[in-house]
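Here is how the chains run, residue by residue.
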Amino acid sequence: RDESRTQMLLVKLLRNRGRGREGIEILEKAVKKEPGNPRLRTELAAQIAASGAGEIEWGHIEDLLQNGSNVTAENRYFYALLLASRGDLDQRKEAIQILRKIGRGATEYRLDAQRLQAMTMMDVALSTEGVAEEEKRKLLAESRSIFTDLLDREPVALIDMTRFCNFLIQVNEEGDQEILQE
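What comes next concerns the included structure. None of the values given here were measured: they were computed from a predicted structure. (Residues numbered from 1 in each chain as written. Predicted model: local features only at pLDDT ≥ 70, side-chain atom pairs only at ≥ 80, totals over all residues. Heavy atoms only, no water.)

### Side note on the overall build of the protein chain
Here is step 1: When you go through the protein chain residue by residue, the secondary structure sums to ten helices and zero strands.
Here is step 2: Counting only C-alpha atoms, the protein chain reaches 55 × 35 × 35 Å along its principal axes.
Here is step 3: Sequence separation of at least 24 residues holds for 49% of the intrachain contacts in the protein chain that already meet a minimum separation of 6.
Here is step 4: Entry remark: accessible area of the protein chain is about 10500 Å², with carbon and sulfur atoms responsible for 48%. (Helix = DSSP H or I, 4+ residues; strand = E, 2+ residues; numbered from the N terminus. Contact = heavy atoms within 4.5 Å. Areas by Shrake-Rupley, 256 points an atom, 1.4 Å probe, with all protein chains shown as cover.)

Next up, the structure:
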């Protein structure tokens, strides 16, 4: 564990000095040595995605974060986060499916997955061409439901309230202005 922590610090130092490719090579070796270490796999995937070396190596990232017996909720959550933020429409829809599963589970990533799922659904529904009106309606309805559930928790997280207000402003369906005024 100490060795992997040291390697991750070295990788960050290399990345900060513009030598990210070397950092990826170090992490590749570390993952081969410790394939069961979810943090190393997540860090390697993050470095690959951030490398900016052309197209993202989605297959490699999927192998690191989604496939295999040692994959954790952290790995799946980070994979969904990458898909949601950097992927095309189909990948963003895949992220929603992954987040739905994590959000129904009993992991420490459950609430974060629900938040990201609601935001991704809203984004896909409101800003993506190629999504049928019925699908947009379903995405927005589920997103609204997730936000409502998050706001029913005690104590209410300010980020959930802020994002739900943003949702209401952007969707602007009948009755949303009244909800905002409450």
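### Some points on the packing of helix H3 (residues 38–50) against helix H5 (residues 73–86)
Here is step 1: Contact geometry for H3 and H5: axes closest at 9 Å, N-to-C directions at 15°. In terms of orientation, H3 and H5 fall into the roughly parallel class. Our pair here, H3 against H5, has a crossing hand that is right-handed. Across the interface between the two elements, Pro 38, Arg 39, Arg 41, Thr 42, Ala 45, Ala 46, Ala 49 and Ala 50 of H3 pack against Glu 74, Asn 75, Phe 78, Leu 82 and Arg 86 of H5.
Here is step 2: The residue inventory of the contact of H3 with H5, partitioned by class, reads seven nonpolar, two polar and four charged. (Axes fitted to C-alpha atoms, helices over the stretch in contact; angles between N-to-C directions. Parallel < 35°, antiparallel > 145°, perpendicular 65-115°, else oblique. Left-handed = near helix turned anticlockwise from the far one by under 90°. Nonpolar A, V, L, I, M, F, W, Y, C, P; charged D, E, K, R; others polar.)

### Details of the nonpolar core
Here is step 1: Of all hydrophobic cores here, the largest spans 31 residues; its most connected members are Leu 44, Ile 61, Leu 64, Leu 65, Tyr 77, Tyr 79 and Leu 82.
Here is step 2: In this view, Leu 82 contacts Ala 45, Ala 49, Trp 58, Ile 61, Leu 65 and Gly 87; residues no more than four positions away in its chain are not counted.
Here is step 3: If you look at the next biggest cluster of nonpolar residues, it comprises 17 residues, including Ala 118, Val 131, Leu 139 and Phe 167. (Core = buried A, V, L, I, M, F, W, Y, C linked by side-chain atoms within 4.5 Å. Buried < 20%, exposed > 50% of the residue type's maximum accessible area, 1.4 Å probe, protein only.)

### A look at helix H6 (residues 89–104)
Here is step 1: The terminal C-alpha atoms of H6 lie 23 Å apart, and with 16 residues this matches the ideal 22 Å at 1.5 Å per residue to within 8%.
Here is step 2: Within H6, the full set of buried residues consists of Gln 91, Arg 92, Ala 95, Ile 96, Ile 98, Leu 99, Arg 100, Ile 102 and Gly 103.
Here is step 3: Those residues of H6 that are buried lie in contact with helix H4 (58–65), H5, helix H7 (110–127) and helix H8 (133–151).
Here is step 4: Between a side-chain oxygen at the N-terminus of H6 and the backbone nitrogen of Asp 90 the separation is 3.2 Å; the capping residue is Asp 88. (Expected span 1.5 Å × (residues − 1). Polar contact = N/O pair within 3.5 Å; in protein donor to acceptor, adjacent residues only side chain to side chain.)

### Focus: a nonpolar patch on the surface
Here is step 1: Taken together, the side chains of Val 156, Leu 158 and Met 161 make up a nonpolar region of the molecular surface, amounting to roughly 280 Å² of accessible area.
Here is step 2: On the accessibility criterion, Leu 158 (65% relative accessible area) is exposed. (Patch = residues over 30% accessible without salt bridge, like charges linked within 9 Å, V, L, I, M, F, W, Y side chains within 5 Å. Salt bridge = Lys/Arg side-chain N within 4 Å of Asp/Glu carboxyl O.)

### A few points about the environment of Asp 123
Here is step 1: Counting through the fold element by element, Asp 123 comes out in helix H7.
Here is step 2: Residues Asp 123 and Phe 147, 24 residues apart in the sequence, show an inter-C-alpha distance of 14 Å.
Here is step 3: The contacts of Asp 123, once residues within four sequence positions are left out, are Arg 92 and Thr 128.

### Some points on the pattern of salt bridges
Here is step 1: This model, assessed by the stated rule, comprises ten salt bridges.
Here is step 2: Among the salt bridges present, the one from Glu 133 reaches Lys 136, with a minimum N-O distance of 3.8 Å. Of the two residues, Glu 133 and Lys 136 both sit in helix H8, three residues apart, roughly one turn of that helix.
Here is step 3: Residue classification places Glu 133 among the exposed positions, given a relative accessible area of 61%.
Here is step 4: It is possible to trace a salt-bridge network through shared partners that takes in Asp 112, Arg 115 and Asp 160.

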